[in-house]
Amino acid sequence: MASYKSTSPYSKTSIKGDYLDIMDPKYIIKDESDESYVIESKYDKRPDLLSNNKYGTVDYWWVFAVRNENILIDPIQDFRAGIVIRIPKLKNIR
């Protein structure tokens, strides 16, 4: 049986046999003090690199899409230079 790291967006999703059940997404607290950030060109389509810079790990790349669900519909292709997103504090992810 597979298991997922606690940093994975699938960590709360149960496994039925060899398959994931319907995704039970992690909730991220939306805090007014979350950082407003303009995606720089060096992070264009690379949320993993921004995750590493902000959180010290590439594992939280998906957080940006969850926190900015109306802006980043596709978590990779919509992660474009010049787009303004909100970046949650690490304590609000865990």
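Residues numbered from 1 in each chain as written. Predicted model: local features only at pLDDT ≥ 70, side-chain atom pairs only at ≥ 80, totals over all residues. Heavy atoms only, no water.

Trainee: Whenever I open this one, the overall build of the protein chain confuses me. Can you help?
Mentor: Looking only at helices and strands, the protein chain features two helices and four strands. When its helices and strands are written in sequence order, the protein chain yields β-β-β-α-α-β. Here the analysis covers contacts within the protein chain between residues at least 6 apart in sequence; of these, 52% occur between residues at least 24 apart. By element, 51% of the accessible surface of the protein chain is carried by carbon and sulfur atoms, the whole surface being about 6,000 Å². (Helix = DSSP H or I, 4+ residues; strand = E, 2+ residues; numbered from the N terminus. Contact = heavy atoms within 4.5 Å. Areas by Shrake-Rupley, 256 points an atom, 1.4 Å probe, with all protein chains shown as cover.)

Trainee: Help me out: how do you make sense of the pattern of salt bridges in this one?
Mentor: For side chains bearing opposite charge, pairing can occur when the charged atoms are close. Inspection of every chain in the model, using the stated rule, returns five salt bridges. Here K30 makes a salt bridge to E69, at a shortest N to O gap of 2.8 Å. Of this pair, K30 sits in the loop between β2 (19-20) and β3 (35-38) while E69 sits in the loop between α2 (63-67) and β4 (84-87), and the two are 39 residues apart along the sequence. On the basis of relative accessibility, which here comes to 45%, the residue K30 falls in the partly exposed class. According to the relative accessible area criterion, E69 is partly exposed, its value standing at 36%. D48 serves as the salt-bridge partner of R46, at 2.7 Å between the closest nitrogen and oxygen. On the basis of relative accessible area, R46 is assigned to the partly exposed category, the value being 36%. Look at D48 and you get partly exposed, because its relative accessible area is 21%. (Salt bridge = Lys/Arg side-chain N within 4 Å of Asp/Glu carboxyl O. Buried < 20%, exposed > 50% of the residue type's maximum accessible area, 1.4 Å probe, protein only.)

Trainee: I would appreciate a short explanation of unusual backbone geometry in the present structure.
Mentor: Most peptide bonds take the trans form, and the phi angle of most residues other than glycine is negative. The backbone of K45 shows a phi angle near 60 degrees, a positive value even though the residue is not glycine. Within the secondary structure, K45 sits in the loop between β3 and α1 (47-55).

Trainee: Can you walk me through the nonpolar core in this structure?
Mentor: Membership of the largest hydrophobic core comes to 16 residues, with the highest contact counts inside it found for L50, F64, F79 and I85. If you list the elements that add at least two residues to this core, you get α1, α2 and β4. Leave out the neighbours within four places in its chain, and L50 touches Y37, Y43, F64, F79, I85 and I87. (Core = buried A, V, L, I, M, F, W, Y, C linked by side-chain atoms within 4.5 Å.)

Trainee: I would appreciate a short explanation of α1 in the present structure.
Mentor: Because the α-helix completes a turn every 3.6 residues, residues three or four places apart line up on one side. Of the residues making up α1, those classed as buried are P47, L50, S51 and Y55. For α1, the angular spread of the buried residues around the axis is 105 degrees, confining them to a single face. Residues of α1 that are buried in the fold lie against β3, α2 and β4. Backbone geometry just downstream of α1 places G56 in the positive-phi region, at approximately 80 degrees. (Arc of directions from axis to C-beta.)

Trainee: Teacher, can you tell me more about the environment of L49 here?
Mentor: Within the secondary structure layout, L49 lies in helix α1. Each C-alpha atom of the pair L49 and D59 lies 9.8 Å from the other, and the pair is 10 residues apart in sequence. Apart from residues lying up to four places away in sequence, L49 is in contact with K42 and Y43.

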